[in-house]
Amino acid sequence: MRQRLSSEPDRYRGRRRVPTPPRSRYAAVVTSAFVGAGIVALGAGAMPDAKSVSPSVLDELRQASITSQDAAARADAADRATRSDARGAEAGTTAQDPWLLPMQGYDFNSPYGVRWGKLHTGIDLVAPEGTPYVAIHAGTVTKAGWFGGYGNAVIVQHADGSEAIYGHSSAVSVHEGQQVKAGDQLGLVGNTGHSYGAHLHLEVHVKGQPLDPVPWLQERGVDIKLQVEAYYTEAAAS
């Protein structure tokens, strides 16, 4: 055998290493290749007469092929579920702890921002008086009752420290200290406090400071203007 000289170019230098596939998929691929090769060999005449092949051998080959396909399907399903969980985790959202719309069938009336020379620190969602509204996220009720200009209000503190304020209720359905989940009814739309008509005033506070709820909720999979809970739409489509 000729010894390679030190000046001879290395044929493998600079080549990228092909990443090793996950074990579950690798096993499925190898099994499929092995079974496929066996079937091709049979079909190509590796055996002189198909009638001489034992039926039990053919059954084993078919069963091995089915098993390898099932393994590949399970691996793919697990991979999709992992990607879906990762997307939700990026925004602090899981199937057990989602972010939701406060109610359905409202009109987005007044955005966050300066209004009449003063900062409007939330958004107004117009709906008929008495319409139930729900918690947008799980948390602890820290206020349930009269709250100055907010009228009858509910405040829920979430696990991440943020707070949601629901104002101008005609009635509240929870009490202070109560633990609520996303989707639990908190109260009824009303016209109490400094209000110009029946609507739900929704605020989001982070570290004591009000933030625009629209982009903040969009980051968590909820488009309050389009009335879409995008997280569930994406999970259903995946």
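Residues numbered from 1 in each chain as written. Predicted model: local features only at pLDDT ≥ 70, side-chain atom pairs only at ≥ 80, totals over all residues. Heavy atoms only, no water.

Under an unreviewed UniProt entry, the name given to the chain is Peptidase family M23, and the organism recorded is Micromonospora rifamycinica.

### What about the overall build of the chain?
Within the chain, the secondary structure is distributed over four helices and 14 strands. With 238 residues in all, the chain has 32% of them scored as buried. A separation of at least 24 residues holds for 60% of the contacts in the chain among residues at least 6 apart in sequence. As displayed, the chain offers around 14700 Å² of accessible surface, 56% of which is attributable to carbon and sulfur atoms. (Helix = DSSP H or I, 4+ residues; strand = E, 2+ residues; numbered from the N terminus. Buried < 20%, exposed > 50% of the residue type's maximum accessible area, 1.4 Å probe, protein only. Contact = heavy atoms within 4.5 Å. Areas by Shrake-Rupley, 256 points an atom, 1.4 Å probe, with all protein chains shown as cover.)

### Overview of the layout of surface pockets
Considered as a void within the structure, the largest pocket measures approximately 410 Å³ in volume. The wall of the largest pocket is formed by 16 residues, among which Arg115, Leu119, His120, His194 and His201 lie closest to the centre. Classifying every residue of the lining of the largest pocket gives four nonpolar, eight polar and four charged. (1 Å grid on protein atoms, 1.4 Å probe; cavity = no way out; pocket = protein on both sides within 12 Å on 5 of 7 lines; lining within 4 Å. Points joined across faces, edges and corners; volume = space filled by probe spheres on them. Nonpolar A, V, L, I, M, F, W, Y, C, P; charged D, E, K, R; others polar.)

### Observations concerning the pattern of salt bridges
Per the stated rule, a full pass over the model turns up three salt bridges. One salt bridge in this structure joins Asp124 and Arg115, with 3.3 Å as the shortest N-O distance. For Glu219, the salt bridge identified is with Arg220, shortest N-O distance 3.4 Å. Judged by its relative accessible area of 54%, Glu219 is exposed. Judged by relative accessible area, which is 15%, Arg220 ranks as buried. (Salt bridge = Lys/Arg side-chain N within 4 Å of Asp/Glu carboxyl O.)

### Let's talk about the confidence of the model for the chain
Of all residues in the chain, 56% have pLDDT values of 70 or greater, and the mean over the chain is 75. Overall, residues 1-48 carries pLDDT values under 50, and its contacts beyond four positions in sequence, including any with other chains, amount to 22 contacts. (pLDDT = per-residue confidence, 0-100.)

### A closer look at the nonpolar core
A general feature of soluble globular proteins is that nonpolar side chains tend to end up buried together. The biggest cluster of nonpolar side chains holds 28 residues, and the ones touching the most others in it are Met103, Tyr133, Val154, Tyr166, Leu186, Leu217 and Ile224. Elements that contribute at least two residues to this core include exactly β4 (123-126), β6 (139-146), β7 (152-157), β8 (163-172), β10 (185-189), β11 (199-206) and α3 (213-218). (Core = buried A, V, L, I, M, F, W, Y, C linked by side-chain atoms within 4.5 Å.)

### Details of the packing of aromatic side chains
As enumerated under the stated definition, the model contains three aromatic pairs in all. Measuring from centroid to centroid gives 5.1 Å for Trp99 and Trp216, while their planes differ by 90 degrees, and the two rings are edge-to-face. Taken together, the residues span a long stretch of sequence, with Trp99 in the loop between α2 (55-90) and β1 (107-110) and Trp216 in helix α3 at a distance of 117 residues. The class of Trp216 is buried, set by a relative accessible area of 9%. Aromatic pair Tyr133 and Tyr166: ring centres 5.6 Å apart, planes at 15 degrees, arrangement stacked. Of the two residues, Tyr133 is situated in strand β5 (residues 132-134) and Tyr166 in strand β8; the sequence distance between them amounts to 33 residues. With respect to burial, Tyr133 and Tyr166 carry one shared label: buried. The aromatic ring of Trp99 is capped on one face by Arg220, whose charged end is 5.6 Å from the ring centroid. (Phe/Tyr/Trp six-rings, centres within 6.5 Å; stacked < 30°, edge-to-face > 60°. Lys NZ or Arg CZ within 6 Å of the ring centre and 35° of its normal.)

### Brief notes about the pairing of β8
Of the strand pairs in this sheet, β7 and β8 are connected by five bridges, and their pairing is antiparallel. Note on β8: the bridge partner recorded for Val154 is Tyr166. The loop that links β7 with its antiparallel partner β8 comprises five residues; one of these, Gly161, has a positive phi angle of about 95 degrees. Bridging between β8 and β11 involves five bridges; their strand directions are antiparallel. Within β11, the residue paired with Glu163 across the bridge is His205. Taken together, the three bridges between β8 and β10 define a ladder with antiparallel strand orientation. (Pairing = 2+ DSSP bridges.)

### Points about the environment of Asp160
With respect to the element layout, Asp160 can be found in the loop between β7 and β8. Measuring from C-alpha to C-alpha, the distance between Asp160 and Val206 comes to 9.1 Å, with 46 residues separating the pair along the chain. Apart from residues no more than four positions distant in its own chain, Asp160 is found in contact with Trp99 and Trp216. Polar side-chain contacts of Asp160 include one of 2.6 Å to the side chain of Ser162. (Polar contact = N/O pair within 3.5 Å; in protein donor to acceptor, adjacent residues only side chain to side chain.)

### Notes on the environment of Val222
Considering the arrangement of structural elements, one finds Val222 in strand β13 (residues 222-223). Among the residues examined, Val222 registers a relative accessible area of 1% and is labelled buried. Sequence spacing of Val222 and Ile136 is 86 residues, and the spatial spacing of their C-alpha atoms is 9.3 Å.

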